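If you want the building blocks of each chain, they are given just below.
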Amino acid sequence: MKLEEMNSKIEEILKELTLEEKVKMIHGDALFYSGAVERLSIPAVNMSDGPMGVRQEFPKASWIPIGNSDDFVTYCPSNSAIAATWNKDLAYKAGVVMGQEARGRGKDIILGPGINIKRIPANGRNFEYMSEDPYLISQLVVPLIKGIQESDVAACVKHFALNNQETERLWVNVEIDERALREIYLPGFEAAVKKGGVESLMGAYNLIRGQHCCENKMLLKDILRDEWGYDGTIISDWDAVHDTKAASESPLDIEMSVTYDFDDYKLANPLIEAVKKGEAKESNIDEKVRHILLMMFRLKMIGALAEERKAGCYNTPKHRSEVRGVAEESFVLLKNDDNRLPLSDKGLKELLVIGDNAERLHALGGGSAEIKALYEISPLMGIKSQLGGNTKVTYKRGYYVSPKQESQESWQEKSTDENLDQCAVVNARKQVSDEVRKKRNKLRAEAVEAAAHFKDVILVVGLNHDYDVEGFDRDDITLPYEQDSLIEEVLEVNPDAVIVMMAGNAVSMEKWKDKAKTILWQWYCGMEGGNVLADIIFGRVNPSGKLPESMPYRMEDCGAIALGEYPGRPITDEEKTRMNAHITEEYKDGIYVGYRYYEKYNVPVQYCFGHGLSYTTFEYSDITAVIDESSVKNAKDKYQDGGEIILDESIKYKTAAKVSLNVKNTGKYFGKEIVEVYVGKNDSRVDRPVKELKGFEKVSLEAGACSHVTIELPLMAFSYYNEAKKNFVAETGKYRIYVGKSLEDIQKVCEVEI
């Protein structure tokens, strides 16, 4: 059905709807669906978290799960894991699985992917997000969305925008300069809208420039609707709407919340009363309903094509195979001195595995990302099941994690409470009783004693969803549970011990990383994670992931703290008169987020952005970078203003340069290599990072094989956002193009001139 026909049908439906029916459609009528209009056969919009698969079923008005046995699903790799693959095809396949599973469970919207910038390394929800780099996010979110939406279900990209911390997440007002907003924090969302065609988008909790995001004219109307031309459905985060009048006048379409008083939501009965009193316009409600109905037509929820809507499916063998494939390329080999990995399982008589994370299951944790997985293979199970009965695998827990206290109250009911004491929760995690300390000492001593008597030892350590969790940031990046002591003591008696670091967020390895020979990073990578870990340890899979974020040594090394004022300051008396906030945080780090900051200010990191090793080796040769003269000339002729080319929408993505090289696998194993291309300009008229990621390509090579790689760079790759001209511009002049294996491992620098 063409857009004109859909719009015509929508206007006919609008004429039939009463005010009360329209309002019913624009707010939650349950925790996870909006109101239906049965009289006109308009269904409810059925939604589900989230970023790692479809969440279990909940009653209409309770956060206690229904508890059925028919809602187990495929546990998918986290967005951080997907980003670490640097593989667009795998992002698409992951999306297909999530879309089919959501539709198979009868959902219309899956609330993901999450693409907020990883501005600080201790954000409790970083595991849900992709990267610190807007280009990498933009390249991977588009195929992920397209994969989801193939199944007649909407992706819901979130959280728009600047939702970069959990501390005071509903009440932090963000002040940011326009250049940083445009260059760092918006590109992923713009790509999701313009290139991904995302059908729904979630507004964030925080405020920007004094207005909550879900009521923010600048964000939702000026940028999203008017500038980007977005006609999809905008949904609030749960309990992110605060004012009936402001929300009715904003482009927000559906209000959702965590409470059960659905008729009293801001866009429910209070809105009806406001319209009747002349305090709100029914025409604004009509516009919201138009967007919802348009999405319904596109998803075949209504209309002539409703009978053709895809049914989806969930928990199929193919889905489990696909997520395993994504997991295989997500592991990052940080260090492998003396080629300690892979281990040979031939003749391996005994193996020691240490660590609570070796046995812990993570699917049903993390907040709204929790997944009721059909199964989850732990590292210990993956190792033991693959080695079989000829190898004796001994397990020592190594460190003690206090069990969570059982509660009849769901965390989600109080997650948006304005009086929630986040600091108390964070501080409580640090409190260690004498009893707990004794348990930790005992477990550590047992593990160290065992490690001294084994040749092969694997430590599986890191974080869990007590720390990688919605609602709370960490106050440092130190490993919890005294794990540093465990690792140091094990390495002292067994220097060959292999460290597997499982986490969704950066951790400090400063105390022992130089002593360890091998460090393998594992994200929360889905139900097959343990099997994949075993495959990598024993060489059946060659790790090919690379870091989508930097690994700083300590929290205070990050630009948001060194240059900024994270987590924020109390609002001033003047601010109290014009905003509903607790704190204001000025993003003084500007564009210097992640590697842009560390490189510009010469701050050493443990492992740089884009780093990742392999069991094989790769050689780059014949590296060239050539300007597309005709394309650049055409752009200059039409759009040059002084020494800058104004990047009109028609030329932004025209090819400006081509990078070519040969990549050869010079080792003994089949492997996959990611070629990374960065662009920098030394003599810019504005302050710019040393270099920025602007292209990449992942290639697969048998041992001894060679592949020719070409990476095209559009004019946008050479641009910065000019606040005076309110546009991206490309300066004329000379640029450096860096071709490398990581941010720091640059193989060649080429110079080109625009």
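Before reading further, recall that the structure is shown in the block above.
Residues numbered from 1 in each chain as written. Predicted model: local features only at pLDDT ≥ 70, side-chain atom pairs only at ≥ 80, totals over all residues. Heavy atoms only, no water.

Enquirer: An account of the environment of P187 is needed here, citing residue identities and associated values.
Expert: By the element assignment, P187 lies in helix α7 (residues 187-194). Along the chain, P187 and P134 lie 53 residues apart, while their C-alpha atoms are 5.9 Å from each other. Residues within four places of P187 in sequence aside, it is in contact with P134, S138, L181 and R182. (Helix = DSSP H or I, 4+ residues; strand = E, 2+ residues; numbered from the N terminus. Contact = heavy atoms within 4.5 Å.)

Enquirer: Mind laying out the sheet that holds strand β13 (residues 498-502), listing which residues take part and the relevant values?
Expert: Here we have six strands laid out as an open sheet, ordered β9-β14-β13-β12-β10-β11, and mixed in their pairing. Among the strands making up the open sheet, the edge pair consists of β9 (332-336) and β11 (392-396). The sheet shows a mean angle of 20° between the axes of neighbouring strands, taken without regard to direction. Sheet topology note: the strand β10 (residues 350-354)/strand β12 (residues 457-462) ladder contains three bridges and is parallel. Paired with V353 across the bridge in β12 is I458. The strands that helix α15 (residues 434-451) touches are β10, β11 and β12; relative to β10, the one it contacts most, it runs at about 155°. (Pairing = 2+ DSSP bridges. Axes fitted to C-alpha atoms, helices over the stretch in contact; angles between N-to-C directions.)

Enquirer: Residue-level account of the packing of aromatic side chains, with values.
Expert: Summed over the entire model, instances satisfying the criterion amount to 23 aromatic pairs. Members of the aromatic cluster, connected to one another through ring pairs, are W86, Y135, Y595, F609, Y678 and F696. Looking at K88, its charged tip hangs above the ring of F696, at a distance of 5.0 Å from the centre. The ring of Y735 carries the charged tip of K681 above its face, separated from the ring centre by 4.6 Å. (Phe/Tyr/Trp six-rings, centres within 6.5 Å; stacked < 30°, edge-to-face > 60°. Lys NZ or Arg CZ within 6 Å of the ring centre and 35° of its normal.)

Enquirer: Which residues make up the nonpolar core, and what values do they have?
Expert: Residues F160, W238, L459, W512 and W521 are the most contacted members of the largest nonpolar core, which totals 211 residues. Apart from residues no more than four positions distant in its own chain, F160 is found in contact with L186, F189, L201, M202, G203, A204, C213, L219, L220, L224 and W228. With 36 residues, the next largest nonpolar core counts A625, A656, V709 and I754 among its residues. (Core = buried A, V, L, I, M, F, W, Y, C linked by side-chain atoms within 4.5 Å. Buried < 20%, exposed > 50% of the residue type's maximum accessible area, 1.4 Å probe, protein only.)

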